[in-house]
Amino acid sequence: GFLLVASGMLLSLYLLLQAGFTVVLLLIVALFTLASSHALASLLAPASAALLPARLKTATVSLGPCGEAELATLLVWPLCLALAGTWFLCRRATWAWALQDVLGAAVCATFVRTVQLPSLEVGVQLLGLMFLYDIFMVFLSPLFFHKSVMMSVATAGQPSHTVLADGTCERYDGERMPMLLMIPRGDPSRGDYAMLGLGDIVVPGLLLTFAARCDLSLRGAASPLGYWGAASAGYLAGLSCALAANMYHLTINGVQGQPALLYLVPLTIGPVSLLAYLRGELPRLWSGEALLPATQRSLRPVGAAGGAADEALVSQQLCGFAAAPAPLEGSSHYKPLP
């Protein structure tokens, strides 16, 4: 479902831009401004709550038809909205890329804090589909749309100029897509930026947060030598490969850009899966049992004999529907830890 929605939105945006409806970019910029201010406020809310008296730390304020909001969030939201508004008004300034990166990072952090993978199996399925989606939209879409859909949308609205018949030059300042992290290559006034889409952060980020949660559940801390460290090293290696491929112009169908998930997905899933296999914990991560409290994990590897029944039981426990598994009659099949 998520993949269909993402594909539909990207194709719709591409077709609108190709039809000349560049005003849609302004709408996206406005939505990004509001969403990023809210995301930044939610991240700063704990710091705001720490400054409040104990009785107000968890206080909520009614917003009428909009529901309720935490007082700590409302106190920092005007500041966050002011920062986002400053970016909106000055987004064409040479320094605006830095503020855009801060707002984009806040959106990414809020997303991975809110959306969590229940198991490695779900993660492999989701990241695998996004892997194929990214390759198609970047490298293979020119075969059907004559242009790379992803690159056309990502670079839509860039500054341009036209020489008119009378010899005058008409300049268009452009309207860049905001869902990107941007770093200038040299002087920012030249308008030459290295770009990384927010999707290339949040999709592998779901696996990184899953790895950190497994480390916390199994060993009490996220360690550089644990699953989180393996996933982080893989992400760094994948990003380096994407940058190198772009630098050496390794491409298909002449596309000037790289599908970052082509490198990020296998180089994050691979190390985590390999480490889990070497530790004998791959079945637990695959089913999600690694996220359960120690007293609710069976001593034997999940899937060794239970199959689908084990997976259903783990799913129930993760959702809070079942207590620790009871021993089967006449069998010591399950042996919960004391």
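Residues numbered from 1 in each chain as written. Predicted model: local features only at pLDDT ≥ 70, side-chain atom pairs only at ≥ 80, totals over all residues. Heavy atoms only, no water.

S.K.: How should I be thinking about the overall build of the protein chain in this particular structure?
M.R.: Secondary structure summary: the protein chain contains twelve helices and six strands in total. Among the 338 residues that make up the protein chain, the fraction classed as buried is 39%. For the protein chain, the proportion of contacts with a sequence separation of at least 24, taken over those separated by at least 6, is 62%. When the accessible surface of the protein chain is totalled, it reaches about 18,100 Å², and 68% of it is carbon and sulfur. (Helix = DSSP H or I, 4+ residues; strand = E, 2+ residues; numbered from the N terminus. Buried < 20%, exposed > 50% of the residue type's maximum accessible area, 1.4 Å probe, protein only. Contact = heavy atoms within 4.5 Å. Areas by Shrake-Rupley, 256 points an atom, 1.4 Å probe, with all protein chains shown as cover.)

S.K.: What should I look at first to understand the packing of aromatic side chains in this one?
M.R.: Aromatic rings in a pair are described by how distant their centres are and how their planes are angled relative to each other. Using the criterion set out here, one finds three aromatic pairs in the structure. Ring centres 5.8 Å apart and planes at 70 degrees place the aromatic pair Tyr 14 and Phe 145 in the edge-to-face group. Residue Tyr 14 is found in helix α1 (residues 2–18), and its partner Phe 145 is found in helix α6 (residues 142–145); the two are separated by 131 residues along the sequence. A relative accessible area of 5% means that Tyr 14 is categorised as buried. The exposure class of Phe 145 is partly exposed, given its relative accessible area of 27%. The ring of Phe 88 carries the charged tip of Arg 91 above its face, separated from the ring centre by 4.6 Å. Between the NZ or CZ atom of Arg 279 and the centre of the ring of Tyr 227, over which it lies, the distance is 5.0 Å. (Phe/Tyr/Trp six-rings, centres within 6.5 Å; stacked < 30°, edge-to-face > 60°. Lys NZ or Arg CZ within 6 Å of the ring centre and 35° of its normal.)

S.K.: So what exactly am I meant to see when it comes to the pattern of salt bridges here?
M.R.: Side-chain pairs of opposite charge can arise whenever the charged atoms involved come near each other. What the rule picks out here adds up to two salt bridges. Salt-bridge contacts for Glu 281 lead to Arg 219; the nearest nitrogen and oxygen are separated by 2.8 Å. Taken as a pair, Glu 281 in the loop between α10 (261–278) and α11 (282–287) and Arg 219 in helix α8 (residues 199–219) lie far apart in primary sequence, 62 residues in all. Given the relative accessible area of 44%, Arg 219 is considered partly exposed. A salt bridge links Glu 289 to Arg 284; its shortest N-O distance comes to 3.1 Å. Arg 284 matches Glu 289 in its accessibility class, with the two residues each being buried. (Salt bridge = Lys/Arg side-chain N within 4 Å of Asp/Glu carboxyl O.)

S.K.: In this structure, what is going on with the nonpolar core? I would like to understand it.
M.R.: Generally speaking, nonpolar side chains in soluble globular proteins are found buried as a group. In terms of nonpolar packing, the biggest core is built from 63 residues, with Phe 210, Tyr 227 and Leu 285 touching the most fellow members. Take this core: its biggest share by element is nine residues, from α8. When near neighbours in sequence (up to four residues on either side) are disregarded, Leu 285 contacts Ser 119, Leu 120, Phe 210, Cys 214, Leu 218, Tyr 227, Val 272, Ala 276 and Ala 290. (Core = buried A, V, L, I, M, F, W, Y, C linked by side-chain atoms within 4.5 Å.)

S.K.: Got a minute to help me understand unusual backbone geometry in this structure?
M.R.: Trans is the common state for peptide bonds, and a negative phi is the common state for residues other than glycine. With a phi close to 55 degrees, His 249 is a non-glycine residue in the positive phi region. Among the structural elements, His 249 can be located in the loop between α9 (227–247) and α10. The residue Asn 253 is not glycine, and still its phi comes out positive at about 60 degrees. Mapped onto the secondary structure, Asn 253 falls in the loop between α9 and α10. The exposure class of Asn 253 is partly exposed, given its relative accessible area of 43%.

S.K.: Before we go on, may I ask you to explain helix α5 (residues 120–140) in this structure?
M.R.: Turn by turn, an α-helix covers 3.6 residues, leaving residues three or four places apart pointing in a common direction. For α5, which comprises 21 residues, the first-to-last C-alpha distance of 28 Å matches the rise-based estimate of 30 Å (1.5 Å per residue) to within 8%. All buried positions along α5 are accounted for by Leu 120, Gly 123, Leu 127, Met 130, Tyr 133, Asp 134, Ile 135, Met 137, Val 138 and Phe 139. Each element contacted by the buried residues of α5 is listed here: α1, α6, α7 (149–154), α8, α10 and α11. (Expected span 1.5 Å × (residues − 1).)

S.K.: For this particular structure, what's the right way to read the environment of Leu 79?
M.R.: Note that Leu 79 resides in helix α3 (residues 71–89). The sequence separation of Leu 79 and Ser 37 amounts to 42 residues, and the corresponding C-alpha distance is 8.6 Å.

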